[in-house]
Amino acid sequence: MHKYKRIISILVIGLLVSFSLSGCFGNNELVTNSQSLKDGLSEIDIDVDSANVIIEQGEEALITYSFPKNVNVDYSYENGKVTLKGKNGMSLFSSGSNSEVKITIPKDKELSVLTSKSDSGNISINNIKCEQINCELDSGNLTMSNNYAKKLIAKVDSGNISIDGDIESIEANADSGNVNLSGNVYIVKAETDSGDITIDSKKSQSEMRLNLDTDFGKITINGKSIN
């Protein structure tokens, strides 16, 4: 009799543990939402735990975001500023690489500030006009192409920074990864702990204002190694 009670107790405990773990692992089913960004879009602020972020030129101002059900999403659009925060709920694992935030912006629209942060995921920004762009990644790659901005501040802990466009002032910091800059490069402050810094500019080295430093890596300017 005691043996059967022990078996039943073990089964009950097993079921309780299973239900508990199912809640911790979370529901990976994606939920997708789309919102129009009319009425003077001027500022973007994205802060996500685990998702890819894509910001690019499109026919209309639109945000589409996909997250699993266990992710707490806080979205608002007021006075021209779109804010989205996606934070993982009670889960042992991140929301996964399928999570995504995508914003399209019309060709004639110029933003004042664009801020994008992601703990785990890639950030891609293409064909955008903006006064200032701020990007921060713990683990992932930052890729930007054909953008116009007065100032860019980019920080990546583990991953590469690749920038191509017309950006007047760039601050780029990669702890473990490469920094690649091309286009109309002018004012640059770039640092890496472990990674190369490569600049391929339309300007000559003497025309640029450069402050470059790497602990373990190569520095190359317009095809010429300088360290």
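Residues numbered from 1 in each chain as written. Predicted model: local features only at pLDDT ≥ 70, side-chain atom pairs only at ≥ 80, totals over all residues. Heavy atoms only, no water.

Draft legend 1. View of the confidence of the model for the protein chain. Summary statistics for the protein chain give a mean pLDDT of 88 and a share of 84% for residues scoring 70 or more. Throughout residues 10-25 the model reports pLDDT below 50, and contacts reaching past four residues in sequence, or to other chains, amount to 8 contacts. Below pLDDT 50 for its whole length, residues 90-96 participates in 17 contacts with residues either more than four positions away or in separate chains. (pLDDT = per-residue confidence, 0-100. Contact = heavy atoms within 4.5 Å.)

Draft legend 2. Structural detail: the side chain of Asn-126. Along the chain, Asn-126 falls in strand E9 (residues 123-126). Of the residues examined, Asn-126 reaches a relative accessible area of 15% and is grouped as buried. At 3.0 Å, the side chain of Asn-126 forms a polar contact with the side chain of Ser-124. If we ignore the near neighbours within four places in the chain, the residues touching Asn-126 are Ile-55, Glu-56, Gln-57, Met-144, Ser-145 and Asn-147. (Helix = DSSP H or I, 4+ residues; strand = E, 2+ residues; numbered from the N terminus. Buried < 20%, exposed > 50% of the residue type's maximum accessible area, 1.4 Å probe, protein only. Polar contact = N/O pair within 3.5 Å; in protein donor to acceptor, adjacent residues only side chain to side chain.)

Draft legend 3. How the structure looks around unusual backbone geometry. Of note, the phi angle at Asp-39 is positive, near 65°, even though the residue is not glycine. On the secondary structure map, Asp-39 appears in the loop between strand E1 (30-36) and strand E2 (43-50). Overall, Asp-39 belongs to the exposed group, its relative accessible area being 74%. A positive phi angle, near 50°, is found at Asn-79, a position not held by glycine. Considering the arrangement of structural elements, one finds Asn-79 in the loop between strand E5 (71-78) and strand E6 (81-88).

Draft legend 4. Representation of the pattern of salt bridges in the model. Summed over all chains, the structure comprises 8 salt bridges. The salt bridge partner of Lys-150 is Glu-131, with a shortest N-O separation of 3.8 Å. A residue pair is termed long-range when its members are at least 10 positions apart, and Lys-150 in strand E11 (residues 142-158) and Glu-131 in strand E10 (residues 129-139) qualify at 19 residues. Owing to a relative accessible area of 41%, Lys-150 belongs among the partly exposed residues under this scheme. One salt bridge connects Lys-151 with Glu-171, and the closest N-O pair in it is separated by 3.9 Å. Of the two residues, Lys-151 is situated in strand E11 and Glu-171 in strand E12 (residues 161-176); the sequence distance between them amounts to 20 residues. (Salt bridge = Lys/Arg side-chain N within 4 Å of Asp/Glu carboxyl O.)

Draft legend 5. Expanded view of the pairing of strand E14 (residues 187-194). Two elements, E12 and E14, share 7 bridges in a ladder whose sense is parallel. Its bridge partner lying in E14, Glu-171 is registered against Lys-189. Inspection of the sheet shows E14 paired to strand E16 (residues 209-216) by 7 bridges, in the parallel sense. Opposite Lys-189, over in E16, you have Asn-211 as the bridge partner. (Pairing = 2+ DSSP bridges.)

Draft legend 6. Up close: the environment of Ser-50. When you line up the elements, Ser-50 lands in strand E2. Residue Ser-50 is classed as buried on the basis of its relative accessible area of 5%. Separated by 37 residues in the primary sequence, Ser-50 and Lys-87 have C-alpha atoms spaced 7.9 Å apart.

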